[in-house]
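Spelled out from the first residue to the last, the chains are:
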Amino acid sequence: MDITAFVSSRRETLLIADYNAYRTQLSRQILATRKRLGRATNKRDKFAPKPVTAEDVGSNHEFAHLLILTSERAWAHAMHIKSSHIEDASARGITGSTRSHLISRLEKAVKAARELVQILKDQGTSKANEQDVLEGRAYAATLAGAEEFEKRSGGERPTDGQSGDERWRACLTHYSEARVIYAALYEKDKKDIYRDVLANTIDPTIRYAAYQAHLSRTIAISTVAKRYFPKDDTALVKAVEQLDSYALKDKPAPKTDGEKQASPQDVPNSITWRGRKANIIDASIGQALSSVNTAEAKLEFYLSSNSTASNKDKAAAYDDILVASQDAADATKRATDELEKEKVEEGDPRMQDLRVTSLAINYDLVSWRVGRNRVLIGADDGMTFSPQQQKKTKRLRKDGSEYPVREEGRGHKLARLRERVVLYDASIQSINSVKSLRGAMRDAKFVEELDGKASYFRALKCLNIAYSHSLLGNHVNALALLNLASDLASQTLPSTSTAASNDSPPTLDILTSASKALREHIAASLQKTHALVEMHKIEAEANAAAAKHAAYQEPLVKNLNRFPQPGTLVDLEKLVTYPPQIEPVPVKPLFLDVAWNYIDYPGRKSVPAAEPVVEKPAVNGVEATPEPEKKRGWFGFGR
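Residues numbered from 1 in each chain as written. Predicted model: local features only at pLDDT ≥ 70, side-chain atom pairs only at ≥ 80, totals over all residues. Heavy atoms only, no water.

(A) Broad picture of the pattern of salt bridges. Taken as a whole and assessed by the stated rule, the structure comprises 23 salt bridges. Here aspartate 192 and arginine 195 are joined by a salt bridge, their closest N and O atoms 3.4 Å apart. Of this pair, aspartate 192 and arginine 195 are both found in helix α9 (residues 192-212), three residues apart, which corresponds to roughly one turn of the helix. The shortest N-O distance in the salt bridge between aspartate 509 and lysine 453 comes to 3.9 Å. Residue aspartate 509 is located in the loop between α19 (475-489) and α20 (512-548), and its partner lysine 453 is located in helix α18 (residues 444-472); the two are separated by 56 residues in the primary sequence. Taking the relative accessible area as the measure of exposure, aspartate 509 reaches 23% and is therefore partly exposed. Residue classification places lysine 453 among the buried residues on the basis of a relative accessible area of 5%. Among the ionic contacts, a cluster of salt bridges with common partners joins Glu340, Glu346, Arg355 and Arg438. (Salt bridge = Lys/Arg side-chain N within 4 Å of Asp/Glu carboxyl O. Helix = DSSP H or I, 4+ residues; strand = E, 2+ residues; numbered from the N terminus. Buried < 20%, exposed > 50% of the residue type's maximum accessible area, 1.4 Å probe, protein only.)

Encoded structure:
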């Protein structure tokens, strides 16, 4: 039947409306249910009550819902009366006919709920299981406890002879019964709906009733519930122990690591903060710290067993410990407010212990928030920035080949860097919020440690902004940011004597190796960016010089045998002279070999040849005169 889920789904209306609107909605639902079940009275007929029987519930579970809706409407009516008169009431609370009307509505709600329980106990006829009976009893006990609470809450503590324990025993008994049942159901099914009922309604009321009954605040709510649980009801005790064998007794200490991380931790009675030990004066704070220890064990187990999980999944594992830490901080705030209302002085030991406890718990809360941000940023706290691997498309080209993997776009890179900067800002803001806690600024060494940790994340922020400027080509801005990051990273960081190891979940603790690696990486990036800035500066100067002397430069074809001088660039737009001009060029070279006939090579001797004697006949008795030798070559000699 899911009685608890049915009631919780109906009460979700209270998130956006008041009790009167909730009551009106329930009236419409009751009328619609009666019409579906054939129980509606005609307009002209006189109303005749028709009780719901076990046979009706066995045939249709909507008859059980009809009783629940009737009980809820009476409860909503009582809460509407209380909320509408709470501002006008005197210090003694709501009195007179108004209180009588309020209590009568709660009595009607309890009557309808107990009628449902009696019907469900006949399991053979109503077709209800044991869990339905327990949920019905828990719901009826909650309403009965609310009735006793309104009867006893007179505003001030009683001054008559009756002790507070006797006056509030009935209220504590009913709420203890409901708490033990819901806790056992939660241990069995692990549904959040049972935990919400305990945290939002039952536990705060038990704490207030225990305070009015003069019980010590150091007693845990679970202990109070076990003490006032009606153990004389053997059937109820047996049914609860079937769900959870340790519902009415303490659990034994866990033996294995798996049991330790799955079972709740012992409730601590003291807390240590920077060498000072403070007692936990409120049991709710101890229970919250026990939940924090349990969540921390689960987080360590998840991170160690899922090392290949994505950053988002690892960050989601921090949700439980963040919720538990926030509950611990809220419990500390409530305990502090109660002492302040009692006008307890700051010098009181209880107030001093609460101040120390509040500072320690809030610092741990900030530490877990920063740790979650560090997990979202990635490895090395975002010190390096590498391109993200893109997914391959399943589609193929027309020729059947795969598409090449594209490189990550610049816009996507800038978006990732922007997300990192947002996380760095959130971490820095969380660290600075610790200084606003009471007592934090009195510890100069602690403030110095906070400043050092904030400087670490500021350096990382400047480094990632420098990456974005480098992607956009603004190397001068990147150089300035890296210089600032170098100054921030060189500041003294806190000692890591209490820092966690590499295997523990990331928190606000910064290891010495991480800060050293950051300084070395920033120094290397600073030198690289400085070199790029100098190269771009030389290039800009060269462009200016080239533009200045462009009119006097010769074409490149005439300067192929010369390397460009520093400060000038090669003008690729001036390769040749165009249009060509008439210029004298050598066509045929003149070779003068005047020494050819006078060269003697080694090993070679020139032998003059004998000139033959030619006898020339005389002509007419006159001897012929020899003709002079003709000149050869251009200048009268030749080869």
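Structure shown, so let's carry the discussion forward.
(B) Spatial organisation of the environment of proline 387. Tracing the backbone through its elements, the reader meets proline 387 in the loop between α16 (349-377) and α17 (410-434). When sequence neighbours within four positions are dropped, the list of residues in contact with proline 387 reads Glu408, Lys413 and Arg416. (Contact = heavy atoms within 4.5 Å.)

(C) Region of the structure containing unusual backbone geometry. That bond from tyrosine 578 to proline 579 is cis: its omega, 0°, falls within 30 degrees of zero. With respect to the helices and strands, the residue proline 579 is situated in the segment after α20. Notably, histidine 214 is not glycine yet its phi reads approximately 65°, a positive angle. Position of histidine 214 relative to the elements: it lies in the loop between α9 and α10 (221-228). Judged by its relative accessible area of 49%, histidine 214 is partly exposed.

(D) Up close: the confidence of the model for the chain. Residues at a pLDDT of 70 or more form 81% of the chain, whose mean pLDDT is 81. The low-confidence segment residues 155-161, where pLDDT is below 50, has six contacts with residues more than four positions distant or belonging to other chains. (pLDDT = per-residue confidence, 0-100.)

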